[in-house]
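# Structural features, examined
What follows is the residue order along each chain.
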Amino acid sequence: MGFKCGIVGLPNVGKSTLFNALTQTASAEAANYPFCTIEPNVGEVPVPDPRLEKISAIVKPQATLPTRLTFVDIAGLVKGASKGEGLGNQFLAHIREVDAIAYVLRCFDDADVTHVEGRIDPLSDAETVETELMLADMESLEKRIEPLEKKLRGQDKEAKKTLELVHSSLELLREGKPARVALVAKDDRRAFRALNLLTSKRVLYVCNVDEASAASGNAYSRQVEAKVAQAAKVLSGSDPRPAEVVVISAKIEAELAQLPEEERREYLSELGLAEPGLDRLIRAGYDLLELITYFTAGEKQVRAWTVRQNTKAPRAAAVIHTDFEKGFIRAETIAYDDFVKLGGEQGAKEAGKMRLEGKEYIVRDGDLLHFRFAT
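To start, this report covers the structure provided alongside it. Keep in mind the model is a prediction, meaning the values are calculated, not measured. (Residues numbered from 1 in each chain as written. Predicted model: local features only at pLDDT ≥ 70, side-chain atom pairs only at ≥ 80, totals over all residues. Heavy atoms only, no water.)

### Considerations on the overall build of the chain
For the chain, the helix and strand inventory stands at 14 helices and 12 strands. Burial status across the chain gives 47% buried among its 375 residues. (Helix = DSSP H or I, 4+ residues; strand = E, 2+ residues; numbered from the N terminus. Buried < 20%, exposed > 50% of the residue type's maximum accessible area, 1.4 Å probe, protein only.)

What follows is the structure in structure tokens.
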């Protein structure tokens with residue numbers, strides 16, 4: 001089960017620099033001109049989780065494997081992208097393939113790095129990106145109306161519901177609101193997701209600041225934080241998880257990515273940072289997608305696995321192997337806190353903290369699971 005977070009923004013905001021730091025590679029070319037990234041670059045990154053190391057310290061396995069999140073670096077958008085400007089249609093298609101979107105916003109001054117609009121205005125940049133995505137959604141929905149109306153004349157009940165969702169989404173978009181704020185009935189959510197609207201995806205605002213502002217942000221990033229906070233109040237009741245904001249210096253992260261672990265810690269300390277900004281970015285993306293982690297622990301390996309919140313045990317087992325779901329019998333379950341406090345599996349068993357859970361069990365974040373299944 002893979003989860004993708006797309007990185008988008010205008011040209012020269014630091015997207016590719018950030019992506020390079022995320023993946024610790026130079027696979028995405030960072031250059032001082034638009035459209036340097038023609039094909040989307042994809043990189044898997046480990047999700048930092050101190051619980052994994054604590055479990056490994058107890059089990060002492062041969063290998064420790066973190067869970068991972070995929071980031072996709074998508075070329076810079078400009079005004080008119082929804083109409084094909086700057087190879088926009090190609091890039092918009094790439095955005096449709098991700099689960100959430102990180103808007104990288106330029107929040108730093110640098111006369112040596114040009115800005116496509118000739119000014120530094122992160123709120124305007126965010127609006128430009130959002131507008132292009134909304135225009136693309138409107139075009140996509142408008143094209144669906146005629147085929148759906150034909151199906152409706154043939155008494156297609158499913159077409160009726162889809163057409164209603166198309167019209168309600170169009171009305172929202174024409175008011176200048178993204179599809180993710182739509183109030184969709186529980187029974188209609190699957191059909192709404194099937195529309196695959198760009199603006200229905202959750203958003204993470206990444207404020208790329210100068211080095212001096214990495215620890216506390218600056219006037220630009222505070223504008224973004226205020227805007228997001230204001231939007232959260234207005235839209236409460238629509239999306240229960242409003243957009244998040246992460247302040248990060250792509251330049252610092254790129255430098256950190258090239259340093260040995262010990263030197264990284266010293267560099268972070270000098271900058272007054274408790275951890276790399278990338279760690280916060282990865283966790284924010286993980287939270288944005290409503291993901292949780294469960295663990296498996298044995299002599300060969302301790303491993304973290306990713307599932308969505310409210311996933312039942314058989315479906316969680318399928319992440320390891322589809323046969324685990326098909327033949328699922330039960331899950332031997334230990335809460336993370338009990339596992340650590342009682343010194344591992346044996347201690348948890350002796351204290352009566354291992355539970356046997358069935359097919360309806362909803363996996364909790366931090367669970368240590370051992371699946372029993374029939375072959």
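There's more to say after this.
### Thoughts on the packing of aromatic side chains
Overall, the coordinates contain four aromatic pairs when judged by the stated rule. Put simply, the rings of Tyr294, Phe328 and Phe371 pair up and form one aromatic cluster. Here the basic side chain of arginine 51 rests over the ring of tyrosine 336, its NZ or CZ set 6.0 Å away from the ring centre. The ring of tryptophan 305 has arginine 303 sitting right over it, with the charged end atom 4.1 Å from the ring centre. (Phe/Tyr/Trp six-rings, centres within 6.5 Å; stacked < 30°, edge-to-face > 60°. Lys NZ or Arg CZ within 6 Å of the ring centre and 35° of its normal.)

### Some remarks on the nonpolar core
Ranked by size, the top nonpolar core spans 51 residues in total, and within it Leu69, Phe71, Ile95, Tyr103 and Leu281 carry the most contacts. In terms of residues, this core owes the most to one element, strand E5 (residues 100–107), which gives seven residues. Formed by 16 residues, the second largest nonpolar core is a distinct cluster that contains Leu148, Val166, Ala179 and Leu195. (Core = buried A, V, L, I, M, F, W, Y, C linked by side-chain atoms within 4.5 Å.)

### Let's talk about the environment of alanine 126
Along the chain, alanine 126 falls in helix H4 (residues 122–153). C-alpha of alanine 126 to C-alpha of valine 224: the two residues are 98 residues apart in sequence and 9.1 Å apart in space. If we skip the residues at most four places from it in the chain, alanine 126 touches Tyr103, Leu105 and Tyr205. (Contact = heavy atoms within 4.5 Å.)

### Some words on the pattern of salt bridges
The full count for this structure, using the stated rule, is 23 salt bridges. Of the charged contacts in the structure, one is a salt bridge between arginine 96 and aspartate 137, with a shortest N-O distance of 3.9 Å. Here aspartate 137 lies in helix H4 and arginine 96 lies in helix H3 (residues 88–96), a separation of 41 residues in the sequence. Aspartate 137 sits in the buried class, given a relative accessible area of 0%. Notably, a salt bridge pairs arginine 355 with glutamate 357, separated by 2.8 Å at the nearest N-O pair. Take arginine 355: its relative accessible area is 24%, and that puts it in the partly exposed class. Glutamate 357 sits in the buried class, given a relative accessible area of 18%. (Salt bridge = Lys/Arg side-chain N within 4 Å of Asp/Glu carboxyl O.)

### Quick word on the sheet that holds E5
Across the sheet, six strands lie side by side as E2-E4-E1-E5-E6-E7; this open sheet has mixed pairing. With partners counted over all chains shown, the strands left at the sheet margins are strand E2 (41–46) and strand E7 (244–248), one partner each. Each adjacent strand pair in this sheet contributes to an overall mean axis angle of 25 degrees, direction not counted. By the bridge criterion, four bridges tie strand E1 (residues 4–8) to E5 in an arrangement that is parallel. The residue bridging valine 8 from the neighbouring strand is tyrosine 103, located in E5. Contacts from H4 reach E1, E5 and strand E6 (202–209) within the one sheet, and its direction differs from that of E5 by about 145 degrees. Sheet contacts for helix H10 (residues 277–288): E2, strand E4 (68–73), E5, E6 and E7; angle to E7, the most-contacted strand, approximately 165 degrees. (Pairing = 2+ DSSP bridges. Axes fitted to C-alpha atoms, helices over the stretch in contact; angles between N-to-C directions.)

### Describing the state of the cysteines
Inspection of the entire model under this criterion finds zero disulfides. Among the cysteines around cysteine 207, which has no disulfide bond, cysteine 107 carries the closest sulfur, lying 4.1 Å off. (Disulfide = S-S within 2.5 Å.)

### Considerations on the packing of H4 against helix H5 (residues 157–174)
Two numbers describe how H4 lies on H5: the axes approach to 9 Å, and their chain directions differ by 150 degrees. Of the possible angle classes, the one that applies to H4 and H5 is roughly antiparallel. Of the two possible hands of crossing, H4 and H5 adopt the one that is left-handed. Across the interface between the two elements, Met134, Asp137, Met138, Leu141, Glu142, Ile145, Leu148, Glu149, Lys151 and Leu152 from H4 touch Ala159, Lys160, Thr162, Leu163, Val166, His167, Ser169, Leu170, Leu173 and Arg174 from H5. (Parallel < 35°, antiparallel > 145°, perpendicular 65-115°, else oblique. Left-handed = near helix turned anticlockwise from the far one by under 90°.)

### Here we look at the pairing of E1
Most of E1 sits inside the fold, with four of its five residues counted as buried. Where E1 lies against E4, four bridges are found, and the strand directions are parallel. By the bridge assignment for E4, lysine 4 is matched with threonine 70.

### A word on helix H1 (residues 15–23)
Burial of H1 is extensive: eight of the nine residues sit out of reach of the surface. Of the positions making up H1, those classed as buried are Lys15, Ser16, Leu18, Phe19, Asn20, Ala21, Leu22 and Thr23. Glutamine 24 occupies a position one or two residues after H1 and carries a positive phi of about 55 degrees.

### Considerations on a positive patch on the surface
Together, Lys186, Arg189, Arg190 and Arg193 make up a positively charged patch on the protein surface. One can find arginine 193 in helix H6 (residues 189–194). Among the residues examined, arginine 193 registers a relative accessible area of 57% and is labelled exposed. (Patch = residues over 30% accessible without salt bridge, like charges linked within 9 Å, V, L, I, M, F, W, Y side chains within 5 Å. Areas by Shrake-Rupley, 256 points an atom, 1.4 Å probe, with all protein chains shown as cover. Lys, Arg positive; Asp, Glu negative; His and termini not counted. Charge placed at Lys NZ, Arg CZ, Asp CG, Glu CD.)

### Looking at H5
With 18 residues, H5 extends 26 Å between its outermost C-alpha atoms, agreeing within 8% with the 26 Å of an ideal straight helix rising 1.5 Å per residue. For H5, the set of buried residues is Ala159, Thr162, Leu163, Leu165, Val166, Ser169, Leu170, Leu172 and Leu173. Residues of H5 that are buried in the fold lie against H4 and H6. For H5, the capping residue at the N-terminal end is aspartate 156, with a side-chain oxygen 3.0 Å from the backbone nitrogen of glutamate 158. With its phi angle positive at about 80 degrees, glycine 176 sits one or two positions after the end of H5. (Expected span 1.5 Å × (residues − 1). Polar contact = N/O pair within 3.5 Å; in protein donor to acceptor, adjacent residues only side chain to side chain.)

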